[in-house]
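What the coordinates show
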Amino acid sequence: MSALRPVMLAGTGSDVGKSILATGLCRIFKQDGYTPAPFKAQNMALNSYVTPDGLEIGRAQAVQAEAAGIECHTDMNPLLMKPSGERTSQVVLNGRPIGNRDAYDYFRRDGREMLRDEVHAAFDRLSSKYNPIVMEGAGSISELNLRDTDLVNMSMARYAGAAVLLVADIDRGGVFASAFGSVMLQSPEDRKRIRGIIINKFRGDLRLFEDGRRIMEEICSVPVIGVVPYMDDIHIEEEDSVALTGKQHSHRDASVNIAVVQHPHISNYTDFDALERHPAVNLFYTYDPAQLKTADIIILPGSKSTISDLTAMRRSGIDEAIAKAHEEEKSIIGICGGYQMMGLSIDDPEGVEGGIGSADGLGLLPVRTVLSGNKTTQRRTFSFINGKPCTGYEIHMGVTEICAEKSPVGIDSDGNEDGYILSDRCFGTYMHGLFDNANVVDYILAPYTTVTDSDFDYSAYRDKQYDLLAARLREYLDLDLIYKIMKSDV
């Protein structure tokens, strides 16, 4: 296939739909015979994933790689920021944590060139193997105060020689001002790189925007490449917790209520996407003790600030609601940080989380956790409680010690044990992706419903969603124009 210029999906703001559009383009280029790969120089997200070689990247790039039909690699997201507080983030470079950074220090010019060199080198390695590179920007491309230290938006587009498609979210309002401002606030050189505008998340009759499309092209002097409708019927894993506002309930009339505790620093909530689509499940996210009373199953998800979120649970009364649910023999399940919270104590002697040094756990499981600077990131194949094979992945800081006779949730082929099961209604595990296994879902739902899902293949389901997304974008984007732009030198 002929070489194509990289294309970057840049945004007028955060959560405008860049990630899902990049995912769709990855699948389209694959379908058309190319060998695409995703790239986001710098990602800020608490949803992450583990590469085959045990390194960490943003979940969105792993999803985009899957849509492209390739394994994910750290070169697709060389710099990952994982917020651990209002001003502090863990910095993951080329898949490994290099420490926590204050936002002010991180965005200063000092040291930025080292990071710039790293993301450029990652892009070079990736572009030598794949064609085309589908790039994604971050947030808004018109943050003037960050222009000099930018690693991911227009500076990266300049380095890559990428054609930029500006994504504007019409659903949030102000689409003309946001698109026009984003274009006009660029330097003359960068303005020329913006080769098209995509109006995203349109609701209603598209014919009503025909005049709007013409006006947009006139004021911005850039063609509108497509007006894409709101796609709530296609299920693609989301990038970060901003999307939780649209995920409050899955099936309100379902027979089994599952509540996911929405920690202030919730991470990897994509763990529950497979549960959401189960016909017998009404899954919802909440931080209200009263709502927890309506749940048959309560899940404590992962957290980037485990001790802080555990302390917040006590202030809010969530801990008492969980204890009451346990007394009533409802199911309590902890994943990663949630597993740590279910134990007797969590200690942070090295100040890994940068705040409170220790905390008593919920006391549901006989385990104690000591946090440390060493991060475990690995994919796992293991036998679940019921003896059936499962897959998952670990991303966590610290070591958990069992203070009773061992009762593991899973055991891998090398005899390594994970988690602790107190009963079929109370257990904790470090395994992310656990509920992507249909036999695990059947196990946790067995006390509440006879509806099983053993034949459901979540991997095949995700693959079908990528095809549906590609078909939808082919309908609403001018792909001939996109290909023309990507074949040009300007």
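To be clear, the structure that these remarks concern was listed above.
First, a word on scope: everything that follows refers to the structure included in this document. Here the structure is a predicted model, which is why all the values come from computation and not from measurement.

Moving on, we get to the side chain of T449. Mapped onto the fold, T449 is located in the loop between α14 (438–445) and α15 (458–476). Using a relative accessible area of 13% as the deciding quantity, one classes T449 as buried. There is a polar contact of 3.0 Å between the side chain of T449 and the backbone nitrogen of V451. Every residue in contact with T449, bar those within four places of it in the chain, is listed here: S255, V256 and A280.

What follows deals with the pairing of strand β25 (residues 420–423). Summarising the sheet, β25 and strand β26 (residues 426–429) pair through three bridges and their orientation is antiparallel. Residue I421 lies in a different strand from β26, and its bridge partner there is F427. What sits between β25 and β26 in their antiparallel hairpin is a turn of two residues.

What the four strands build is an open sheet, ordered β3-β6-β7-β8; its pairing is mixed. A single partner strand is all that each edge strand has here, and the edge strands are β3 (42–44) and β8 (96–102). The average undirected angle you get between the axes of adjacent strands in this sheet is 25°. As defined by bridge partners, strand β6 (residues 79–83) adjoins strand β7 (residues 88–93) across five bridges and the pair is classed as antiparallel. Looking at β7, one finds that P83 is bridged to S89.

With that settled, consider the packing of aromatic side chains. Tallied over the entire structure, the rule returns 16 aromatic pairs. Ring centres of F456 and Y461 lie 5.5 Å apart, and the angle between their planes is 55°; this geometry places the pair in the tilted category. Sitting over the ring of Y230, R203 keeps its end group 3.7 Å from the ring centre. Against the face of Y461 rests R277, its NZ or CZ located 5.8 Å from the ring centre.

For any two helices packed against each other, one specifies the inter-axial angle together with the distance between the axes. At a minimum axis distance of 13 Å, the contact between helix α1 (residues 18–31) and helix α16 (residues 479–487) shows a crossing angle of 85°. Of the possible angle classes, the one that applies to α1 and α16 is roughly perpendicular. Counting all contacts with α1, which are made through L25, I28 and F29, the residues of α16 involved are L479, Y483 and M486. For the contact of α1 with α16, a count of residues per class yields six nonpolar, no polar and no charged.

The rules behind the values
- Residues numbered from 1 in each chain as written.
- Predicted model: local features only at pLDDT ≥ 70, side-chain atom pairs only at ≥ 80, totals over all residues.
- Heavy atoms only, no water.
- Helix = DSSP H or I, 4+ residues; strand = E, 2+ residues; numbered from the N terminus.
- Buried < 20%, exposed > 50% of the residue type's maximum accessible area, 1.4 Å probe, protein only.
- Polar contact = N/O pair within 3.5 Å; in protein donor to acceptor, adjacent residues only side chain to side chain.
- Contact = heavy atoms within 4.5 Å.
- Pairing = 2+ DSSP bridges.
- Axes fitted to C-alpha atoms, helices over the stretch in contact; angles between N-to-C directions.
- Phe/Tyr/Trp six-rings, centres within 6.5 Å; stacked < 30°, edge-to-face > 60°.
- Lys NZ or Arg CZ within 6 Å of the ring centre and 35° of its normal.
- Parallel < 35°, antiparallel > 145°, perpendicular 65-115°, else oblique.
- Nonpolar A, V, L, I, M, F, W, Y, C, P; charged D, E, K, R; others polar.

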